[in-house]
Amino acid sequence: RNIYPVYRNNLEKHIPRILKVYENKKTRDEECDILDTLRHESYIVSAIEKMDFVNHQFICQSLNDEDLYHGLILERGKYDLAKKMQTSEFQLSSIEEKIVDAKKLLKVIEHVNEKGIVWRDVKPMNFVYFGDELQGKLKGIDFDISLRRGTLMKDGKSTSFYTPPEVAQLLKSNFQTEF
């Protein structure tokens, strides 16, 4: 993935942040715009700072030092829903405990839909826990392939096994539809 832990100095090691690296400035700025639209303390991960930087070996070894990369520093949760679902504790938990997570997940999706955003990358690993898992928050992350409702979709970008029906239908057609 294109996400890395980031600390500016030793004093910041206790501040949970990650750096998401983008292929181009346009993609980064589009995700920032969507994050601004979706801004919500309880449901959406916060964008902290946009960055433009020259590539360094510790970030991505396959590129030249001259390449300019664009990044976004985001708050960092403890772990994602996909990891939790793989634990024996989750698998053995009661239906009531699973309903707590399902309600949190549906609140995030409801918020995204109310803001007029089509989140094309809805999957368990894009829901991250912040704080205590029962009392804490479950927030949505990764909106770089999201679209505003009414936008013409010209590609079939999504994640295998989590492809929305609308996108799956487009894979059979010419990829041009409006949400």
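Residues numbered from 1 in each chain as written. Predicted model: local features only at pLDDT ≥ 70, side-chain atom pairs only at ≥ 80, totals over all residues. Heavy atoms only, no water.

Assigned secondary structure in the protein chain consists of five helices and 11 strands. Residues counted as buried form 35% of the 179 residues belonging to the protein chain. Relative to all contacts within the protein chain whose residues are 6 or more apart in sequence, the contacts with residues 24 or more apart total 63%. Accessible area of the protein chain: about 11,000 Å², with a carbon and sulfur share of 53%. (Helix = DSSP H or I, 4+ residues; strand = E, 2+ residues; numbered from the N terminus. Buried < 20%, exposed > 50% of the residue type's maximum accessible area, 1.4 Å probe, protein only. Contact = heavy atoms within 4.5 Å. Areas by Shrake-Rupley, 256 points an atom, 1.4 Å probe, with all protein chains shown as cover.)

Here the focus is the packing of aromatic side chains. The description of two aromatic rings rests on the distance between their centres and on the angle between their planes. Taken as a whole, this structure holds three aromatic pairs when the rule is applied. Arranged with centres 5.0 Å apart and planes meeting at 35°, the rings of Tyr-79 and Tyr-129 form a pair that is tilted. Placement of Tyr-79 in strand 5 (residues 79-80) and of Tyr-129 in strand 7 (residues 127-130) is noted, with a sequence separation of 50 residues between them. For Tyr-79, a relative accessible area of 24% puts it in the partly exposed group. When its relative accessible area of 0% is taken as the criterion, Tyr-129 is described as buried. (Phe/Tyr/Trp six-rings, centres within 6.5 Å; stacked < 30°, edge-to-face > 60°.)

Further remarks concern the sheet that holds strand 5. Strand order in this open sheet of three strands is 5-7-8, and the pairing throughout is antiparallel. The sheet terminates laterally at strand 5 and strand 8 (137-140), the two strands that pair on one side only. Taken together, the four bridges between strand 7 and strand 8 define a ladder with antiparallel strand orientation. Considered in strand 8, the bridge of Phe-127 is made with Gly-140. (Pairing = 2+ DSSP bridges.)

A positive phi angle, near 70°, is found at Asp-142, a position not held by glycine. With respect to the secondary-structure elements, Asp-142 resides in the loop between strand 8 and strand 9 (147-148). Residue classification places Asp-142 among the buried positions, given a relative accessible area of 12%.

Because the α-helix completes a turn every 3.6 residues, residues three or four places apart line up on one side. For helix 4 (residues 95-114), which comprises 20 residues, the first-to-last C-alpha distance of 28 Å matches the rise-based estimate of 28 Å (1.5 Å per residue) to within 8%. Three or more residues of helix 4 are buried, namely Asp-101, Lys-104, Val-108, His-111 and Val-112. Down the axis of helix 4, the buried set is contained in an arc of 110°. They therefore lie on one face. Exposed residues lying more than 90 degrees from the buried face of helix 4 are Ile-95, Glu-96, Lys-103, Leu-106 and Glu-114. Elements in contact with the buried residues of helix 4: helix 1 (25-38), helix 2 (81-85), helix 3 (88-92), strand 6 (117-118), strand 7 and strand 8. Directly after helix 4, the chain includes Gly-116, whose backbone phi takes a positive value near 80°. (Expected span 1.5 Å × (residues − 1). Arc of directions from axis to C-beta.)

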